[in-house]
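Each chain, written out:
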Amino acid sequence: MNHVMPPPCGDATAPGAPVRVTPGAPTPGRPPELLRPAGGITLRRRSPAQAPALNTAVRANLDHLRPWLEWAAEAPTPARTARLTAAGVAAWDAGTDFIYLAGLDAEPGRVIGSFGLHGRIGPGALEIGYWVSAEHGRRGIATAAARSLTEAALALPGIHRVEIHCDPANTASGAVARRLGFRLDRVVDAPVRAPGETGRKQIWIQGR
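Rules of the game
Residues numbered from 1 in each chain as written. Predicted model: local features only at pLDDT ≥ 70, side-chain atom pairs only at ≥ 80, totals over all residues. Heavy atoms only, no water. Phe/Tyr/Trp six-rings, centres within 6.5 Å; stacked < 30°, edge-to-face > 60°. Buried < 20%, exposed > 50% of the residue type's maximum accessible area, 1.4 Å probe, protein only. Salt bridge = Lys/Arg side-chain N within 4 Å of Asp/Glu carboxyl O. Helix = DSSP H or I, 4+ residues; strand = E, 2+ residues; numbered from the N terminus. Pairing = 2+ DSSP bridges. Contact = heavy atoms within 4.5 Å. Axes fitted to C-alpha atoms, helices over the stretch in contact; angles between N-to-C directions. Arc of directions from axis to C-beta. Core = buried A, V, L, I, M, F, W, Y, C linked by side-chain atoms within 4.5 Å. pLDDT = per-residue confidence, 0-100.

Participant: Explain the packing of aromatic side chains here, please?
Facilitator: Two aromatic rings are characterised by how far apart their centres lie and by the angle between their planes. Tallied over the full model, the rule gives three aromatic pairs. Taking the centre distance of 5.2 Å and the plane angle of 90° together, the rings of Trp92 and Phe98 count as edge-to-face. A ring pair is formed by Trp92 and Tyr100, whose centres lie 5.2 Å apart and whose planes are at 70°; its orientation type is edge-to-face. Exposure remark for Trp92: the relative accessible area of 3% places this residue in the buried category. Three or more aromatic residues link up through ring pairs in this structure, and these residues are Trp92, Phe98 and Tyr100.

Written as structure tokens, this is what we have:
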């Protein structure tokens with residue numbers, strides 16, 4: 001996310017194309033379906049009714065997302081977004097992924113990004129993935145939303161660690177993790193799957 005706004009982090013709740021995700025074990029408990037970070041931001045559990053607005057937001061931000069997100073290589077069709085939204089609903093119900101769409105009180109009905117808690121990193125932990133529209137960058141939205149997600153994750157039974165994964169070149173995402181008090185635990189080799197990636201991945205951790 002080295003752009004106008006905090007760039008996409010992790011797989012960022014891929015709404016438009018397949019990503020390589022290994023589902024984790026079900027997480028005990030469920031986070032709130034509605035979160036209200038500071039600044040008039042709303043994080044609402046993704047639902048089929050929101051699929052058209054999500055598709056519009058993704059298609060409008062492809063150039064912004066493409067450097068960091070594999071699934072942004074091509075525009076998703078409305079039907080594909082609807083199918084993946086339905087899969088996200090099922091993953092929430094199963095307790096493996098909890099995906100939210102971001103909005104602003106001042107812009108009702110509009111999707112400005114997507115955030116998720118993903119169980120793909122092993123038991124007792126969840127990974128935050130996100131993206132925010134270029135138009136809404138530099139407003140602290142990613143930081144405020146990721147803070148709410150971190151608190152919600154660590155309040156779940158059995159969850160004691162939250163992680164943020166990003167490429168070292170994605171300095172804005174690293175800055176979000178740092179502002180939230182995450183510590184850089186390690187840097188590992190990673191496949192290059194998007195044009196902006198370097199083949200390395202930072203693992204930021206909060207908790208134990």
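Read on, since the account is not over.
Participant: I keep staring at the pattern of salt bridges and nothing clicks. Help me out?
Facilitator: Considering all chains together, one arrives at 10 salt bridges under this definition. Glu127 is the salt-bridge partner of Arg120, the closest N and O atoms lying 2.9 Å from each other. The same class applies to Arg120 as to Glu127, namely buried. Its salt-bridge partner being Asp189, residue Arg200 comes within 2.5 Å of it at the nearest N-O pair. Within this pair, whereas Arg200 is found in strand 8 (residues 200-207), its partner Asp189 is found in strand 7 (residues 183-189), the two being separated by 11 residues in sequence.

Participant: Would you mind showing me how to read the sheet that holds strand 4 (residues 113-118) here?
Facilitator: Backbone-to-backbone hydrogen bonds join strands into a sheet, with any given pair of strands oriented parallel or antiparallel. Read across the sheet, eight strands follow the order 1-2-3-4-5-6-8-7 without closing on themselves; strand pairing throughout is mixed. If you trace the sheet from one side to the other, it starts and ends with strand 1 (34-35) and strand 7, each paired once. Where strand 5 (residues 125-132) lies against strand 6 (residues 161-166), four bridges are found, and the strand directions are parallel. Paired with Ala125 across the bridge in strand 6 is Arg161. Contacts between helix 3 (residues 78-94) and the sheet are confined to strand 2 (41-45) and strand 3 (97-104), with strand 3 contributing the most and set at about 120° to the helix.

Participant: Looking at this model, I keep getting lost on helix 1 (residues 51-60). Mind explaining?
Facilitator: Within an α-helix, residues lying three or four positions from one another point in the same direction, as the helix has 3.6 residues per turn. When helix 1 is considered as a whole, its buried residues turn out to be Ala51, Leu54, Asn55, Ala57 and Val58. Buried residues along helix 1 cover an arc of 165° about the axis, so they all sit on one side. Opposite its buried face, helix 1 presents the exposed residues Pro52, Thr56 and Ala60, each directed more than 90 degrees away. On its buried face, helix 1 sits against helix 2 (62-65), helix 3, strand 3 and strand 5.

Participant: I would appreciate a short explanation of the nonpolar core in the present structure.
Facilitator: Nonpolar side chains tend to gather and get buried jointly when the protein is soluble and globular. Grouped together as the largest cluster of nonpolar side chains are 33 residues, with contacts concentrated most on Leu43, Tyr100, Phe115, Leu117, Ile128, Leu149 and Phe182. Looking at this core, the elements that each hand over two or more residues are strand 2, strand 3, strand 4, strand 5, helix 4 (141-154), strand 6 and helix 5 (171-179). A total of eight residues in this core trace back to one element, the largest contributor, which is helix 4. If we skip the residues at most four places from it in the chain, Phe182 touches Ile128, Thr150, Val162, Glu163, Ile164, Ala177, Trp204, Ile205 and Gln206. In terms of nonpolar packing, the next biggest core, distinct from the first, is built from 11 residues, Leu54, Leu65, Trp71 and Leu101 among them.

Participant: Honestly, the pairing of strand 4 in this entry has me stumped. Any pointers?
Facilitator: Remark: a regular strand shows side chains that alternate across the two faces of the sheet. Counted residue by residue, strand 4 has six buried out of six residues, so it is predominantly covered. What you see with strand 4 is no split at all: Gly113, Phe115 and Leu117 on one side and Ser114, Gly116 and His118 on the other are buried throughout. Of the pairings in the sheet, the one linking strand 3 to strand 4 comprises six bridges and is antiparallel in character. Within strand 4, the position partnered with Tyr100 by the bridge is Phe115. Pairing of strand 4 with strand 5 involves six bridges; the strand directions are antiparallel. Among the inter-strand pairings, Gly116 is bridged to a residue of strand 5, identified as Gly129. The antiparallel pairing of strand 4 with strand 5 creates a hairpin that spans six residues between the two strands, and Gly122 there sits at a positive phi of about 110°.

Participant: I tried to follow the confidence of the model for the protein chain on my own but got confused; where do I start?
Facilitator: In low-pLDDT regions, the fine details of the predicted coordinates are not to be read closely. Averaged over the protein chain, the pLDDT score is 89; the fraction of residues at 70 or greater is 88%. Across residues 1-6, confidence stays below pLDDT 50; counting only partners more than four residues off in sequence or on other chains, it has 37 contacts. Confidence drops under a pLDDT of 50 for residues 15-22, and excluding neighbours within four residues, the segment shows 26 contacts in the predicted structure.

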